[in-house]
Structures are given as C-alpha cells and as structure tokens.
Amino acid sequence: MELKDRVAIVTGGATGIGRGIGEVLVRYRAAIVVADLDADTAERTASDFAAMGVPSMAVVADVTKPDSIEKSVADVLARFGHIDILVNNAGVAGARGWHTSADSREEDWIAAFEVNVKGIANATNAVSPVMRTQRAGKIINIASIAGREGRPALPHYSASKAAVINYTQAVADELAPFNINVNAVCPGLLWTPMWDQVGHRYARFNPRYEGLPSRQVFDTMIQDVIPLKREQTPEDIGNLIAFLVSEDARNITGQAINVDGGAFLR
Amino acid sequence: MLSDRIAIVTGGASGIGKGIAMVLAQRGADVVIADTSIENATDTARAIEKLGRRSIALETDVTRRASTDAMVSTTLSKFGKIDILVNNAGVGGGREWWTRSHSNGDDWDRAYMVNVMGIVHGIESAQAHMKERRAGKIINIASTAGRRSVVGFVHYSASKASAINVSQAFALRLAQFGINVNCICPGLLWTPLWERISERRQSHLPPDQRLSPREYFLAQVKQQVPLGREQTPEDVGKLAAFLASDLARNITGQSINLNGGSVKS
C-alpha cells in the first residue's frame, strides 16, 4: 500500500475525519492537499503534515462553489503537476443550529444537499478532467451508514448520504473507461464534533437518551447498535481509504463499504 | 502486515484460493493449504515455502465437518494457533456440471454442500479456538453471482447469495468475541471454473463458431466490466490480506464486490 509521491486532495481536511484520513495517507508517504473552508486550521494541519516529512499544502475551498474548487485544483496543479487522489470528505449534518430542532428544517435539507451531494459533484467535476488526461485516478466519497437505510433521525442527512452512494455508482461507470476508480466509504459511529451535536439532539428529543451528556449518548449507542461494541475512528476510515486508493484495490470500483463494526450488513 | 499470523485457506491449492494463499504469505503469514487435491495442495505449499514462509498441505473435504475439524486440529498441533480462516473452497455444480445447460439436482446439492456448508463447517470447526483467544479474522469467498443471479447458473448464484447471508449471520454471532467475519464477491477471473463456464455457454454452437474458452472469457470482460479488465486471484488476495489485518479491525459483516464495477450493490 505504497502511496509515495501520490498527490491527494482531502476536502474538509483540516479537522475531524478529514484530518484523520490525511494522517493515515501521510504514513504511506502521500503528498496531502488540505482543502477546507477554514484557512487558518487548514494551514495548521498542512504544516503538521509537512512536519511529518511529506509535501503538503493548504487550499481554501468552498465545495458548494464550483469556481472556488476549480481555483483550488489550479493551485494544486501549479504546485504538484498532477492529482492522483481526491477524497470528498467535506460534509455537514444540516444548516447552522440543526441540532436544536427536533425536525429537519427547510434549510437543513438544502445545506445537506448543497454540501454533501453537490459539493462532491463540484469537486469531482473539477478534478476528473485532470484524472481523465492522466488516464489514472482514485476518488473516494465519504457517505455514511445513515445513507444505507432511512431512519427517523436526521432524514435530510440520511437522504443526502444515500445520494452520495448513488452518485458514486454513476460516476464510477462514467470514469471507468479512463482507469479511474470511484468508491464510497460509509463510516459508522465516530466521536467527532458532528457527533457531539448529534448527541445533544438525541438527549433532547429521544426518550432513550433523555438528559444524557452527548458523549454518554454516544457510548450507549455503541452498545445498542454496534456488534463489535466499540467506536470507529478516523484512523479506521483512513486505513480503508489508503487501501482503496492503492494499487491493491485496482479492480474495485463503484462500491460503498461500511466501516461500522457490523451495524449495517451489506 | 500479517507477520506471525497463521492462516488457513480452503480450496487453497489452485485458482482464487492459491492467489489468496500466495498474497497472505507475501504479506508475512504462514499458510495452511486445505484442499481436496493433496497433490496440488502440496505444490502450492512448496511455492509458499519458497517465499520464506511455513506452509503445510492438508487433504480436506469441507462438505464433511469431521474433515474441517481435522483441518483445525492439525493446524493447531503444527502451528499452535489460527489467526485467519479463508473459506474459499467452491464448486460450479455437481459432477460434470459444465456439460449441462440446466441445473440438475446434483448441481443444487453440490453447490449447497460446498459453497454454503463448506463455510459453515470451516467456521464451526475454528470458532471455539478463536472465541477462546477473543481474536480471529474470517473471510468467506462468495461471488458477484450472489449479488445478481447469473442466467442458467441458478444453483451456483443461489449458493453464493447464501454464502453472503451466512457471512452476516456469523459476523453478528461472533462480534462479541472480537472476531471479524467478512465476505468477498469476486467478479470475472480466469480460473478453472471460468474455463468450464466458457465451454458450457458455447456448447450449443457448432464447433467452428465457438471461441476458445479464453477468448470467450475476454469478450465477457469487455462486455460486463466497466474498468475493461479481468480481475485476478491476486486482487482477491490483496483484499483478503487487508481484511485480515488490523487495519480493518472495525470492518465486519460486509460483503465487498471486487468486480471492476460490473455490479454495484
């Protein structure tokens, strides 16, 4: 699983799962482009990666704006000359304040779709011409186990992640003739800032978890729904991605793979 | 990646099983080759020893629980533990299945006994040891045919769908013991099985209109595989090696398609 000199863009790469993915790819010696809305954090993360001994750069990118991500791609090409890996990780659970509402609001539906679905399409559209010319490329889309089966909680988020899985299948077919692999990864339960908010929402609106601190909601849910009875980590997600973008997985495309301790079986 | 691990590969003497065994050995594992053909198993075990790993060949019939029990006990007496069990042994049908265009009762029975019960026997024989150690990686080989039925190959398709389901059942049952159970669904690979499928599918054609088995196979690849290339036993081995490693510690109960994009769900 050697990735030396491969250039990987990770959207939403400054923090959380995105940063964790970058950390794993660094172990395999990939060059990391930290693409994020938050310039300062992206710079900090990129300089952390550089300190680990790999080329790294930060780009400010808003995946909901095609112009923004196209400019980022141009900057990456100016520095590295090629793009081998795109990890479409940037995602939201809803619009600002989504976790304070029991129901999905109009703005939550729009935010989830704009970032989680169209954001992936925008970044893919910006990067895929480069990969087509190279006749080589690996694209990984971060979906979620929420996208595997509709659940009462977070319908806007679940529906957007189901769309990610479906989009992955379509683009895999479209790009296969150019030797580009496109796969989706569906993380299960990871303790991230997003899950902190999910926990708050459950504690408020779900009787089973009423009044619990969000970390306790999370721990209870691990026991309730994860057969392996342990949380998943950004490192777990990064490990699968490192495999999928390596030549070991050259004949895997169009698939969505759960990293969820057995919560959903596919 | 797999240093000091002990792995058993059923059907490990040839085809996909041999590819899996070789890759596991390349990644550091010692490998037991369990196969109905002791001659072929011995050849493969020697090839693994040339990689600098330990290997033994065991004559094993996965349709008999007594035989998988012996496979496990011999492995334990030779190597002391089992970290990885790859249930790969499979058949296309009953005796001379490739000479028939339709499944007969023997095809159904053999496909079920080897492709499904072979997995059940392998796991049931190995699980007590793995439970006791609270560790183990089990990988079952199903097929793309288990995801989408192949016309005219209904007994095989059904058995592979069942292999996927059995993988889920054991994943749920064994998770509490820290054992991961996953399944791989390979697509189009040039193996003895596919050589026979090529013959079978063209048996109704006059001899002068038949393609060679290899040509027929490559035409299928071109028609069905978006990436436009065949998959290989080594591809399956690499996915198996990943799933058998600690890198995949939180992946269980999954069936992963390795088919160049031909089937996506």
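Residues numbered from 1 in each chain as written. Chains lettered and ligands numbered in written order. Predicted model: local features only at pLDDT ≥ 70, side-chain atom pairs only at ≥ 80, totals over all residues. Heavy atoms only, no water.

A.B. asks: Just checking my understanding: could you explain helix α3 (residues 66–80) of chain A for this structure?
C.D. replies: The α-helix winds at 3.6 residues per turn, so residues separated by three or four positions along the chain end up facing the same way. Residues and elements named next belong to chain A. Between its terminal C-alpha atoms α3 stretches 21 Å, which fits the 21 Å expected from 15 residues at 1.5 Å a residue. Buried within α3 are the following residues: Ser68, Ile69, Ser72, Val73, Val76 and Phe80. Across the axial projection of α3, the buried residues extend over an arc of 135°, all falling on one side. Along α3, exposed side chains directed more than 90 degrees from the buried face belong to Asp67, Lys71 and Ala78. Its buried side turned inward, α3 meets β1 (7–11), β2 (31–36), β3 (56–60) and α4 (106–134). Two residues or fewer after α3 comes Gly81, characterised by a positive phi angle close to 85°. (Helix = DSSP H or I, 4+ residues; strand = E, 2+ residues; numbered from the N terminus. Expected span 1.5 Å × (residues − 1). Buried < 20%, exposed > 50% of the residue type's maximum accessible area, 1.4 Å probe, protein only. Arc of directions from axis to C-beta. Contact = heavy atoms within 4.5 Å.)

A.B. asks: Would you mind showing me how to read unusual backbone geometry here?
C.D. replies: Glycine aside, negative phi is the norm for most residues, and most peptide bonds take the trans geometry. Residue and element names in this part refer to chain A. Even without being a glycine, Arg29 presents a positive backbone phi close to 70°. Unlike most non-glycine residues, Lys229 shows phi in positive territory, near 60°. Tracing the sequence through the fold places Lys229 in the loop between α7 (214–225) and α8 (234–244).

A.B. asks: Explain the packing of helix α1 (residues 16–27) of chain A against helix α2 (residues 39–51) of chain A to me, please; I cannot follow it from the model alone.
C.D. replies: Axes are the key here: two packed helices are described by the angle between their axes and the distance separating the axes. Residue and element names in this part refer to chain A. At a closest axis distance of 10 Å, the pairing of α1 and α2 adopts a crossing angle of 20°. One way to sum up the angle between α1 and α2 is to call them roughly parallel. With respect to the hand of their crossing, α1 and α2 are arranged in right-handed fashion. Of α2, the residues touching α1 (which contributes Arg19, Gly22, Glu23 and Val26) are Thr45, Asp48 and Phe49. (Axes fitted to C-alpha atoms, helices over the stretch in contact; angles between N-to-C directions. Parallel < 35°, antiparallel > 145°, perpendicular 65-115°, else oblique. Left-handed = near helix turned anticlockwise from the far one by under 90°.)

By themselves these figures say nothing about function.
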